[in-house]
Amino acid sequence: MKSALPNPQELISRIPEPFQSDLYTLTQTIQNAGGSAYIVGGSVRDLVLGKIPKEFDLAVSLIPEHVQKIFKRVVPTGIKHGTVTVLLEDRTYELTTFRKDEDYKDGRRPESVSFGVTLSEDLRRRDFTMNALALDLLGETLVDEHGGLEDIRAKIIRTIGNPVHRFQEDGLRPVRAIRFVSSLGFHIHPDTANAIQTCRPVTAKVSTERIHDEFLKMLTCLEPSASLTYLKNYKILELFHSTPMYPDPDHVWDLRISFLSLLPTEPDRIRLAYFLRMAFGSFSAYAEWKKFFKELRFSNKRTKEAQFLCSKFGEILEHSETLQKENGTELRHTIRKILLSPVCQFIGKEQTWEFCEELGKLWEVWVGSPPAWLEVARAEWRATPPLLLTDLQINGNDILSEFPQTPPQRLGPLLQACLQFVLEFPEQNERESLIHKIRDSQI
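About the thresholds
Residues numbered from 1 in each chain as written. Predicted model: local features only at pLDDT ≥ 70, side-chain atom pairs only at ≥ 80, totals over all residues. Heavy atoms only, no water. Helix = DSSP H or I, 4+ residues; strand = E, 2+ residues; numbered from the N terminus. Rg over C-alpha atoms; globule rule 2.2 N^0.38 Å. Contact = heavy atoms within 4.5 Å. Lys, Arg positive; Asp, Glu negative; His and termini not counted. Charge placed at Lys NZ, Arg CZ, Asp CG, Glu CD. Pairing = 2+ DSSP bridges. Axes fitted to C-alpha atoms, helices over the stretch in contact; angles between N-to-C directions. Polar contact = N/O pair within 3.5 Å; in protein donor to acceptor, adjacent residues only side chain to side chain. Core = buried A, V, L, I, M, F, W, Y, C linked by side-chain atoms within 4.5 Å. Buried < 20%, exposed > 50% of the residue type's maximum accessible area, 1.4 Å probe, protein only. Phe/Tyr/Trp six-rings, centres within 6.5 Å; stacked < 30°, edge-to-face > 60°. Domains from an automatic or database assignment. Buried area = accessible area lost by both parts, 1.4 Å probe. Salt bridge = Lys/Arg side-chain N within 4 Å of Asp/Glu carboxyl O.

Draft legend 1. Molecular detail of the overall build of the protein chain. Tallying secondary structure elements over the protein chain gives 23 helices and eleven strands in all. Over its C-alpha trace the protein chain gives a radius of gyration of 29 Å, far above what one expects of a compact globule, namely 22 Å for 443 residues. Overall, the C-alpha framework of the protein chain stretches about 90 × 50 × 40 Å when taken along its three principal axes. A sequence separation of at least 24 residues applies to 65% of the contacts in the protein chain between residues at least 6 apart. Each charge class in the protein chain was averaged separately, 55 positive and 60 negative side chains, and the resulting centres sit 3 Å apart.

Draft legend 2. Representation of the sheet that holds strand S5 (residues 91-97). With respect to topology, seven strands assemble into an open sheet ordered S3-S4-S5-S2-S1-S8-S9, the strand pairing being mixed. Either end of the sheet is taken by a strand with one partner, and the two such strands are strand S3 (74-78) and strand S9 (141-144). Across the sheet, the mean angle from the axis of one strand to that of its neighbour is 30 degrees, orientation sign disregarded. Note that strand S1 (residues 37-40) and strand S8 (residues 133-136) share two bridges and pair antiparallel.

Draft legend 3. Summary view of the side chain of threonine 129. Topologically, threonine 129 is positioned in the loop between helix H5 (119-124) and S8. A polar contact is formed between the side chain of threonine 129 and the side chain of aspartate 151, at a distance of 2.7 Å. Sequence-distant contacts of threonine 129, defined by excluding residues within four places in its chain, comprise His146, Gly147, Gly148, Asp151, Arg158, Thr159 and Ile160.

Draft legend 4. The arrangement of the nonpolar core in detail. Among the nonpolar cores identified, the biggest contains 122 residues, and Leu95, Phe215, Leu228, Leu237, Phe275, Phe292 and Leu339 are the most heavily contacted of them. Sort the elements by how many residues they give to this core and helix H14 (residues 269-280) lands first, with nine residues. Excluding its chain neighbours within four sequence positions, the residues that come into contact with phenylalanine 275 are Phe215, Leu219, Leu228, Leu237, Met245, Tyr246, Trp253 and Phe292.

Draft legend 5. Representation of the packing of aromatic side chains in the model. Per the stated rule, a full pass over the model turns up 23 aromatic pairs. For the ring pair tyrosine 38 and phenylalanine 98, a centre distance of 6.3 Å and an interplane angle of 40 degrees mean the geometry is tilted. Remark: phenylalanine 98 occurs in the loop between S5 and strand S6 (100-101) and tyrosine 38 occurs in strand S1; sequence separation between them is 60 residues. Across this residue pair, the class does not change: tyrosine 38 and phenylalanine 98 are buried.

Draft legend 6. The domain arrangement of the protein chain, seen in detail. In terms of domain boundaries, the protein chain breaks down into domain 1 (8-151), domain 2 (156-263), domain 3 (313-385) and domain 4 (390-441). Between the C-alpha centres of domain 1 and domain 2 the distance comes to 27 Å. With 22 residues of domain 1 in contact, the opposing surface of domain 2 contributes 22 residues. Of the roughly 1,800 Å² buried between domain 1 and domain 2, counting both surfaces, carbon and sulfur atoms make up 53%. Linking domain 1 to domain 2 there are two salt bridges. Measuring nitrogen to oxygen at the nearest pair gives 3.0 Å for the salt bridge that ties aspartate 127 to arginine 176. Elements supplying a minimum of two residues to the side of domain 1 that touches domain 2: helix H3 (42-48) and H5.

Draft legend 7. The arrangement of unusual backbone geometry in detail. Cis geometry marks the peptide bond from glutamate 17 to proline 18; its omega dihedral reads 5 degrees. Considering the arrangement of structural elements, one finds proline 18 in the loop between helix H1 (8-13) and helix H2 (19-32). In this chain, glutamate 266 is followed by proline 267 through a cis amide linkage whose omega measures -10 degrees. Among the secondary structure elements, proline 267 is positioned in the loop between helix H13 (250-258) and H14. Phi is positive for lysine 235, close to 55 degrees, though the residue is something other than glycine. In this structure, arginine 297 takes a positive phi of about 65 degrees despite not being glycine. Relative to the helices and strands, arginine 297 is located in the loop between helix H15 (286-295) and helix H16 (300-318).

Shown next as structure tokens:
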């Protein structure tokens, strides 16, 4: 027996202001113009789940040209497919005309669309049952023609109609299904899951940028491991990346990837760094990382920061025996040499400690215990030791003044040697002391 529909008035009451007032304004304006409007898609699903939607989309019976005439500020964002964006103050709402999609040939978008159809036909073209709900604000009714409410209650991700046909229409839909596993805490219906494998060639046609966006959304879910495991099992990322992935045994992956949720979601570079190790089995797979980020269209900034965190954490693990010693000269020297100075040189002094804390979080998750060395590093950082070449009490002109015959190409290595010396002995960062060391060829 079907359970009772949720109370539409209760769902409407969950819409916060100013969105609720905006939606009433949009709906009433459409109705006054002889049309009808419904809140549709993920926003209705989220209201049923008791969540506050991030955005609200409307399906309307009026054609786009008519919608443009009745609102003052309208942007024709996807008018070919019936979508315009209405602006109310600084807020935007997508209004899409009821439509029926015609043949799909590229595995992403319909060749053409037909307007002048019913709400039922419009809902029938959507991807999953949970996203085929429609809420009428003015009539205070909830439309569910595909069992979406039952699937939401059962936490099932199920396509409308034949899953293979649905996924052949749009190759991004399987990836969205995988993302919903973690973002909603749902599971994929077996028939729908089988279609993911069947339709991999269609998914391969999706633009890399869309896969990039979906992957990042999965990675930053509160509990991302389930979605990332689906990506692994169905080899989705390998459709867009040519280097072999996932060398660890399944039981290692399953255990380690479950810890990813213990890392913060922002900034995403820390989870990206963890994923690099899990995807390529090493803290030093530089060539594979570089290729992965390039082929998945990651920005240079994200690429460099995630790669640095992963490789630097691997180096920290190599020195774990020293780092787990009690506070002492060797520990503090190691911290300055492998942690503070390299991080400072990579990112600059302003963000150095932020990166150090992220490395500490990686340690806690990977090793399974708090990093005792992080407090020692904090004390060292606050003591403001010389960490950069610019912190040295000597420069190239000083060296040339004392040693005029020094070849210019030798200045850089000499200054680097001075920096390594003062990282071990910060109290020796004095001009005369460093000149003396150079003179005696001790550095």
